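Report on the structure
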Amino acid sequence: MKARVFSGVQPSGNLHIGNYLGALKNWAKIQYGYESIFCIVDLHAVTVYQEPATLRAKIEEIAAIFLAAGIDPKHSTVMVQSAVAAHAELAWMLTCVTPVGWLERMTQYKAKSAAQETIGDGLLQYPVLMAADILLYQAAIVPVGDDQAQHLELTRDIAQRFNSLYGETFVVPQTSLPLVGARVMGLDDPEKKMSKSAGGAGHAVALLDTPDQIRKKIMRATTDSNPAVDFETMGPGVANLLAIFQAFAEWTDDRMKAHFAGLRYGDLKKQVAEMVVSSLEPFRRRYREITAEPGYVAGVLEEGARRVTPVAASTVQLVKERMGLYTC
Ligand code: TRP
């Protein structure tokens, strides 16, 4: 049996080349070797206020981006979290075995709650819902960025606590992340990971940016005081531009060095911009095709929910039995 992979993306902000190179591109590559579920986690998004019409549109936009990035709905499941009620149902059961102290320690909770006037309880429960997403499908592998490593560790703790209280129920997911991709940093601030929610106009290259927008953002990227590429002394901005090029081009280190050493920054940026624009061309074409067909994305999402519902139901059934809840 193929190992099950589960990952989730919030339908907020704009997916960017960091998401593509760090996640989507790999998901598309590995999907034939695993049984993959890629989930649009709208219930996570609403832990902070989302404008309803924007959220609704974002859900299908993210799904279309997944498909355009090469996720094949014949092999992988693309689904929306709120379409399968068992996510929220299992989250409640897991909440009851999770000490509040574990949740208050989460660094993402601390950062997000500091920015809110009133802290919704959902913000605290966020990692429990994430644990439910993963444990509901008994996923063995959860490819996420290192910013989610603490939540994944918590998922393991919750699974183990449940198993020790009620008997072996959940697969404890792997924490090692064998499916990691490139780590892309912000163009304006190369010390920070490229983010889809933070940063100004020049921070990230969104996957739906036009070629001209892409060129403009890359030409304005932060570099350093050197005039040209020097692999020994380059700063993080130049290293990031080279990493972006290399991840798209799939060149070896030697080839990168031979090609870029001594190149002036203006020329470096032009080449990086053209590499990004041309690499994303097939993506943009597929995205246009996918979104031009009325009902196509909705159909994929409906089929996704239909496919996972029995798996989710059997986990909930098992959890209810283990806990002594009422089953009929
Ligand atoms: N919290 C994740 C993020 O913000 C999204 C997510 C929700 C997730 N549920 C998940 C990721 C389950 C992996 C598995 O990136």
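Scroll up for the structure.
Let me sum up the structure you'll find in this document. As the structure is a prediction and not an experimental result, all values here were calculated from the model.

**Quick word on the nonpolar core**
Core analysis: the biggest nonpolar cluster contains 60 residues, and L24, F66, L268 and V276 have the highest contact counts within it. When residues of this core are assigned to their parent elements, the largest contribution, 11 residues, is made by helix α12 (residues 265-292). Among the domains, domain 1 (4-182 + 294-323) and domain 2 (211-289) are the pair contributing at least three residues each to this core. Membership of the second largest hydrophobic core comes to 41 residues, among which are L90, A132, I158 and F170.

**Side note on unusual backbone geometry**
Backbone geometry at Q138 places phi at a positive 50 degrees, although glycine is not the residue there. Relative to the elements of secondary structure, Q138 occurs in the loop between α7 (121-136) and α8 (149-166). Among the residues examined, Q138 registers a relative accessible area of 21% and is labelled partly exposed. At E250, a position not held by glycine, the phi torsion is positive, near 60 degrees. Take E250: it is sitting in the loop between α10 (236-249) and α11 (253-260).

**Thoughts on helix α9 (residues 211-219)**
Listing the buried residues of α9 in full gives I214, K217 and I218. When α9 is viewed along its axis, its buried side chains cluster within an angular range of 95 degrees and face the same direction. Contacts from the buried residues of α9 go to α10 and α12.

**Topic: the packing of aromatic side chains**
Under the counting rule described, the total for this entry stands at 10 aromatic pairs. Taking 5.8 Å as the distance between ring centres and 80 degrees as the angle between the ring planes, the aromatic pair formed by W27 and F66 counts as edge-to-face. One end of the pair, W27, is in helix α1 (residues 17-30); the other, F66, is in helix α3 (residues 52-68), and 39 residues separate them in sequence. By the burial criterion, W27 is buried, and F66 matches it. Every member of this aromatic cluster is reached through a ring pair, and the members are W27, F38 and F66. A cation sits over an aromatic face here: R255 above W251, 3.9 Å from the ring centre.

Parameters and conventions
- Note on numbering: residues in each chain are counted from 1, in written sequence order.
- Per-residue local features are limited, in this predicted model, to residues with pLDDT of at least 70; the limit for side-chain atom pairs, both in listing and counting, is 80 or more; totals at the level of whole chains, interfaces and linings are taken over all residues.
- Hydrogens are left out, water is left out, and the side-chain values use all remaining heavy atoms of the structure.
- Only buried residues count toward a nonpolar core, which is a set of Ala, Val, Leu, Ile, Met, Phe, Trp, Tyr and Cys residues joined through side-chain atoms within 4.5 Å.
- Accessible area is worked out with a 1.4 Å probe on protein chains only. A residue is then buried under 20% of its type maximum, exposed over 50%, and partly exposed in between.
- Only DSSP runs of H or I covering at least 4 residues are called helices, and only runs of E covering at least 2 are called strands; the numbering of each starts at the N terminus.
- What fixes the domain bounds is an automatic or database domain assignment.
- Note that the arc is computed from the directions linking the helix axis to the C-beta atoms.
- Contact criterion: two residues are considered in contact whenever any of their non-hydrogen atoms come within 4.5 Å of each other.
- Geometry of aromatic contacts follows a simple scheme: Phe, Tyr and Trp rings, the Trp one being its six-membered ring, pair when their centres are within 6.5 Å, and the pair is stacked under 30 degrees between planes, edge-to-face over 60, tilted otherwise.
- We count a charge as sitting over a ring when the NZ of a lysine or the CZ of an arginine lies within 6 Å of the ring centre and within 35 degrees of the ring normal.

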